[in-house]
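Residues per chain, in single letters:
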Amino acid sequence: MFTKILIANRGEIACRVAATARRMGIRTVAVYSEADANAKHVAVCDEAVLIGPAAAKESYLCGDKIIAVALATGAEAIHPGYGFLSENAEFADACAEVGLVFIGPPASAMRAMGSKSAAKSLMEKANVPLVPGYHGDEQDPDFLQQQGDRIGYPVLLKASAGGGGKGMRVIEKSEDFKAALASCKREAISSFGDDKVLAEKYLLRPRHIEIQVFADTLGNCVYLHERDCSVQRRHQKVLEEAPAPGMSPERRAAMGEAAVAAARAVGYVGAGTVEFIANQDGSFYFMEMNTRLQVEHPVTEMITGTDLVEWQLRVANGQPLPKTQAELGIHGHAIEARIYAENPEKGFLPSIGTLRHMDTPGAVSFELGGTPGGSPAAVRIDSGVREGDAISPYYDPMIAKLIVWGADRTQALARMSQALAEFQIVGLATNIAFLKRLVEGAAFATADLDTGLIERNADTLFPPPKAAPVGALALAAVALTGAEKQASSGQSHNRSDPWGNALGWRLNSAYQRQLSFSDEYSAAKESKAYKVGLTYRPHGWDLSVNGIDAELAVTAQAGAELSIKLGATSIHGAVRRDGDTFHVFTGGRHFVLVYNDPMAHAGEAEAAGGRLTAPMPGKVVAVLATKGQQVKKGDPLVIMEAMKMEHTIGAPGDGLVEEILYQVGDQVADGAPLLAFKAA
Ligand code: ADP
């Protein structure tokens, strides 16, 4: 076995690979960019070497620098993780040239499957069913539009070199074809350096079902069953599970054998995934093969009791697959949720910032493969970040993968919902509350799965904000007054501190005070803020809010954890403060309450002032408006690329474009005005 490997990746997958290597007694070398000097993956590896600036093009994508580090540190093999160089055949060749083992398939298999178009031609020959479409070399826009017309709308455009849903465009009618093609090609060239596209019939209500395959160098090839990854947003996976609900043993065997045939057709070695798109009636078509370990591999590990990174290392070392097809059963059910720094309510826009606080569900165990002969850990968290780390605009905004196992789907679902309720993050927007609604919603619970599940259930998944419950307001009020008390008792000598004398404690007399909090709901309703009245008593308060009056007492406090009694009701929660923002976690929910501090400067909210600003730091990729142009509400004005996605900035209303402040290629900061706009 290898004695030392280099991990050419970052984040959770780098940490994940390091964990297995450590267990197997293999030393690890991390590489990192300037943005990642304090990253978790650097800390968990035995050695770490800086390879360049933050931009991936200058660091994690620099194969030559990474190979030089491997040679200099004496690593024998390179694990590429996923993304970055993992499916780069030139990199695999370059490793081989200097005698390094690339932990992945042969470069020839990557080349064969690297282009979605070429892979389809190959599969066509191997009699694997394909979605009707055009995957040839001709790229003339008029010709492609004719192909779209021939296929029949809706049509899906994909970047041939694509991945991660990037570049994909659904076209509803012929008139929209050219604009979608231009946008797809633009995203394809910037994400993959290749603007070749393919067009295919856009299936309605399909499921995404993929098969994990594994092959060794001795001619063995097995399938480790399926994963259902139908729950997606913007063609990107959100929830993944194994096994797929409703899968019959016959269909599983048919899909598994088709996947093995696909792998064998390209002389595959190592871990790979054959993706199929399936109709509700069970018929399935080949979509593509991913020639690497996938983000969602843990659900497969959980139901098969395997460690797929260990398998990768063994196979790369020339050893046989640890199990035969007959030995690969299915034990229980596993679900993975991807926890992202993003804002589901704002079209899943990535959110960047610092993880000021991160509390992960209890009873976590990172026992890969589970206890010998027993069940896997109930909850597993694969994360590449720790409290205090930043989610930067340079890389994928994934915070963690939360994976749960249950004896059956019902138990796995219950554990997922519980674990999400215990996951506390403060400092940036996350999709946790959204994921909780998703796994608790009827559609997912009853396995009514297809790739449109999120859009179809938008009403229940994106409910209008509700008023904060009295309990959450009471917890925030207690945390606030508790902090004031501490501040004033600790620093009462500080005369300039307004809180130095702000204590409410008066012997034998009641002292009243009114606190004001706002949240999304109060802002949306313009109903002003919540007024929380507190009347101080010797052993507690009387609380009055929303017309409710109740006695309030603190029964226990440990750090951020608070137990209170409100009238006859006991309430437990945790309150994390971030400046004037109180994050209240109670009853499995997260309330964000902003304290309207009477001592602070009156809200210096920046007036929108007719300027359209960048929603996040990024690059301008297209300017669609011209100075002096009259536009209609919603007209696209500027397209920015940030966090590997395109964001279109549209006109907020009818009006005039007075000035364009940036040009294509310019880098813009978060909140920077992009153009001056005068409403009509
Ligand atoms: P990528 O490599 O960018 O992830 P895929 O080809 O794997 O792209 O497709 C990603 C997702 O897009 C699929 O899981 C599915 O939801 C959707 N999709 C792909 N092809 C089709 C199609 N022909 N009809 C409907 N949806 C599709």
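Residues numbered from 1 in each chain as written. Predicted model: local features only at pLDDT ≥ 70, side-chain atom pairs only at ≥ 80, totals over all residues. Heavy atoms only, no water.

Some thoughts on the packing of helix H12 (residues 409-422) against helix H13 (residues 432-440)
So, point 1. As a packed pair, H12 and H13 sit with axes 9 Å apart at the nearest point and diverge in direction by 160°. Considering the angle they form, H12 stands roughly antiparallel to H13. Read as a crossing pair, H12 and H13 show a hand that is left-handed. Of H13, the residues touching H12 (which contributes Leu413, Met416, Ser417, Leu420 and Ala421) are Ile432, Leu435, Lys436, Val439 and Glu440.
So, point 2. Taken together, the residues of the contact of H12 with H13 break down into seven nonpolar, one polar and two charged. (Axes fitted to C-alpha atoms, helices over the stretch in contact; angles between N-to-C directions. Helix = DSSP H or I, 4+ residues; strand = E, 2+ residues; numbered from the N terminus. Parallel < 35°, antiparallel > 145°, perpendicular 65-115°, else oblique. Left-handed = near helix turned anticlockwise from the far one by under 90°. Contact = heavy atoms within 4.5 Å. Nonpolar A, V, L, I, M, F, W, Y, C, P; charged D, E, K, R; others polar.)

Comments concerning the domain arrangement of the protein chain
So, point 1. Each domain of the protein chain was delimited in the assignment, giving domain 1 (4-103), domain 2 (132-201), domain 3 (207-461), domain 4 (470-595) and domain 5 (611-679).
So, point 2. Centre-to-centre separation of domain 2 and domain 5, based on C-alpha positions: 25 Å.
So, point 3. Counting residues at the interface gives seven residues for domain 2, matched by six residues for domain 5.
So, point 4. Buried area between domain 2 and domain 5, both sides added, is near 480 Å², and the carbon and sulfur share of it is 41%.
So, point 5. Its largest share of buried area at the contact with domain 5, domain 2 owes to Lys166, Arg186 and Glu187, together 76% of the area lost on that side.
So, point 6. Here domain 2 is connected to domain 5 by zero salt bridges.
So, point 7. For the pair domain 2 and domain 5, the interface holds one residue pair in polar contact (both at pLDDT 80 or more). (Domains from an automatic or database assignment. Buried area = accessible area lost by both parts, 1.4 Å probe. Salt bridge = Lys/Arg side-chain N within 4 Å of Asp/Glu carboxyl O. Polar contact = N/O pair within 3.5 Å; in protein donor to acceptor, adjacent residues only side chain to side chain.)

Quick look at the site of the ligand
So, point 1. Around the ligand sit 22 residues, and of these Lys116, Gly165, His208, Gln232 and Glu288 come closest.
So, point 2. Note that an oxygen atom of the ligand is positioned 2.4 Å from one of the side-chain N or O atoms of Gln232.
So, point 3. Note that an oxygen atom of the ligand is positioned 3.4 Å from one of the side-chain N or O atoms of His235.
So, point 4. When the ligand sits alone it has 550 Å² of accessible area, and the protein chains cover 96% of it.
So, point 5. Broken down by secondary-structure element, the contributors of at least two residues to the shell around the ligand are strand E7 (155-159), strand E9 (197-201), strand E13 (270-278) and strand E14 (284-290).
So, point 6. Formed jointly, the shell around the ligand draws a minimum of three residues from each of two domains, domain 2 (132-201) and domain 3 (207-461). (Near = heavy atom within 4 Å. Areas by Shrake-Rupley, 256 points an atom, 1.4 Å probe, with all protein chains shown as cover.)

Considerations on the pattern of salt bridges
So, point 1. Applying the stated criterion to the full structure yields 42 salt bridges.
So, point 2. Among the ionic pairs, Arg338 bridges to Glu296, the shortest N-O distance being 3.1 Å. Linking Arg338 in strand E15 (residues 333-340) with Glu296 in the loop between E14 and helix H10 (297-304), this pair joins segments that are 42 residues apart in sequence.
So, point 3. By relative accessible area, which is 9% here, Arg338 ends up buried.
So, point 4. Measuring nitrogen to oxygen at the nearest pair gives 3.2 Å for the salt bridge that ties Glu440 to Lys436. Pair noted here: Glu440 and Lys436 are both in helix H13, with a separation of four residues, about one helical turn.
So, point 5. The partly exposed category is assigned to Glu440, whose relative accessible area is 44%.
So, point 6. What makes Lys436 buried here is its relative accessible area of 13%. (Buried < 20%, exposed > 50% of the residue type's maximum accessible area, 1.4 Å probe, protein only.)

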